[in-house]
Amino acid sequence: MASPNVGVPEHSHGGGELPVSKLDVHGSFEVDDFPVPAGREEEWRFTPLRRLRGLHDGRNIADGVITVEVEAPEQVAVETVQRDDSRLGTSFLPTDRVSALAYASFPTATVVTVPKDTELGDPVFVTITGAEQGDAYGHLLVKAERHSSATVVVEYAGSAVYADNIEFVLDDGARLDVISLQDWERDAVHVSHHYTKVGRDARFKSFVITLGGDLVRMSPKVGYTGTGGNAELHGLYFTGPGQHHEHRSLIDHNVSRTRSRVEYKGALTGEDAHGVWIGDVIIGEGTEGTDSYEHNRNLALTDGTRVDSVPNLEIFTGEVEGAGHAAASGRLDEIHLFYLQSRGIPEDEARRLVIRGYFAELIDRIAIPELRDRIMDEVEEKLQEHSPSYAGTS
C-alpha cells in the first residue's frame, strides 16, 4: 500500500506561492484528510448526497458482490493482485473522500499490461458486474508500455452501490483508446475516478458513455509526464426520468507542448432528469505551447429536466498556443424538425432522427463497429421508451 506522501509531484502552480490554482486539488490516500461532504462544497454542490447511499461518508461495510472479467488478446498480461502490489497507486493521489475510501477498501485489484512495442489487433474487454445489491469498492490499473497501441473497453452492468479508481498509465509513445460504458441497472449507484498519466508523445482517447444507473458520477482526470502528450475526452449521456448523471473532467497541462480536447454531449428527458458537466482545465505556470479546448452541449427534450454545465479554465502562463471553452443547453432545433416533417416524416420519428444525428457524430468516432451499433441501439431504445412530447423551443 502506498503511503500518503507517495504520488504525483507537486505542481509548480500549486506550491503555496501566488498564483495558486483553485481547480487543482492535491490529494491524499488518508480518508480522514477529507471531511465528510455536507453538500455545500463546490465539488459536491450538484450531487444529491442522500442518493449516494453512504459512499461519501464511509459507513458502508463492502458487502456487495462485484465480479471482474477480462477478455484480452494473448499478448496482454492480466493479473489479479493484492492490495500491497507496488504498482498500485503510484500514478495518482485520491482527490476526494470517495476516491480515498475506494482506495482504502478494495479487496483485490485487476492489472492489465500491454507490452512495449505491441500493437493489439483486438480490443481488451473488462466487464464489471454487480451480482448482488450492496456496496463494494474496486481498483483497475491499465498500463500501456512504451510504443504500444491498444483499445480497452470497460463496461459496468448489474446492480450495485459501487466506487472505484481506474489508473490509465501511458508510457512514452504509447496509444490508448478507452471506452467506458456505464450500463447499470436502474437502481445502481456508481462513483468512479479515472486517473490518467500521458507520457512523452503519447496519445490517450477516452469515450465515457453513461446510460444506466440511478446516480452515476464520473471524474476523469488527466496529467502529463512528457512533452507532446495528447489527450481527448469524449462523453455521451442520455439521462431519463429521475436519473442523475454527473461528469467532472480535469485536464492538468502541467508540462509544456501538450494538447487536450474535451467534448461531452447530453440529452435529458422526463421529470427530475439531472445532468451535470464540470470541465476544468489548468494550464500550468511556466509551460509553453499548450493547446486546449473543451465543449459541452445538452438537449432538454421535455420540461422538468435540469442541466448544470460549468466550464472552468485557469491559465498561469502567457505562452499558450490555444485555449478555450464553450457550453450550450437548449431544445431541439424547430427548423430541423420542420424540414423533416415537410417531407412526410411524422413528428415523433423526426424528433428521433434529429437526436440520433446529434449523438451519431460522437458515437461514430468509436472504432469498434459492434459497440457503436449497440450504443446507438440503446439510445434508440431510450428514445422509444420515453417518446417525449416536445415541449417547444426555449
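Please refer to the structure placed before this passage.
Structure report, in brief. Just so you know, these numbers come straight off a predicted model, no measurement behind them.

Cut-offs and rules
- Residues numbered from 1 in each chain as written.
- Predicted model: local features only at pLDDT ≥ 70, side-chain atom pairs only at ≥ 80, totals over all residues.
- Heavy atoms only, no water.
- Buried < 20%, exposed > 50% of the residue type's maximum accessible area, 1.4 Å probe, protein only.
- Helix = DSSP H or I, 4+ residues; strand = E, 2+ residues; numbered from the N terminus.
- Pairing = 2+ DSSP bridges.
- Polar contact = N/O pair within 3.5 Å; in protein donor to acceptor, adjacent residues only side chain to side chain.

1. Observations regarding the pairing of strand β15 (residues 274–283)
Counting buried residues along β15, 10 of its 10 residues qualify, which places the element largely inside the surrounding structure. Here β15 shows no split at all, with His274, Val276, Ile278, Asp280 and Ile282 on one side and Gly275, Trp277, Gly279, Val281 and Ile283 on the other all buried. As paired strands, strand β13 (residues 244–253) and β15 are joined by 10 bridges and run parallel to one another. Each residue of the ladder has a partner; that of Leu250, found in β15, is Asp280. In the sheet, β15 pairs with strand β17 (residues 306–315) via 10 bridges, with the strands oriented parallel. Counted as the bridge partner of Gly279 is Pro311 from β17.

2. Observations concerning helix α1 (residues 97–105)
With respect to burial, α1 is a largely interior element, seven of its nine residues being buried. Those residues of α1 that sit buried are Arg97, Val98, Ser99, Ala100, Leu101, Ala102 and Tyr103. The N-terminus of α1 is capped by Asp96, whose side-chain oxygen sits 3.1 Å from the backbone nitrogen of Val98.

3. A closer look at unusual backbone geometry
The backbone of Asp117 sits at a positive phi, close to 60°, despite the residue not being glycine. By secondary structure assignment, the location of Asp117 is in the loop between β3 (109–114) and β4 (124–132). Positive phi is not limited to glycine here, since Asp272 has a value of about 65°. By secondary structure assignment, the location of Asp272 is in the loop between β14 (259–268) and β15.

4. Looking at the pairing of strand β8 (residues 175–182)
Of all eight residues that make up β8, eight are buried, and the element is covered over most of its length. By the alternation rule, side chains of β8 split into Arg175, Asp177, Ile179 and Leu181 and Leu176, Val178, Ser180 and Gln182, which are all buried. Summarising the sheet, strand β6 (residues 149–158) and β8 pair through eight bridges and their orientation is parallel. By the bridge assignment, Val154 is partnered in β8 with Ser180. Relative to strand β10 (residues 203–210), β8 runs parallel, the two being bridged by eight bridges. Across the sheet, Leu176 pairs through a bridge with Phe204, a residue of β10.

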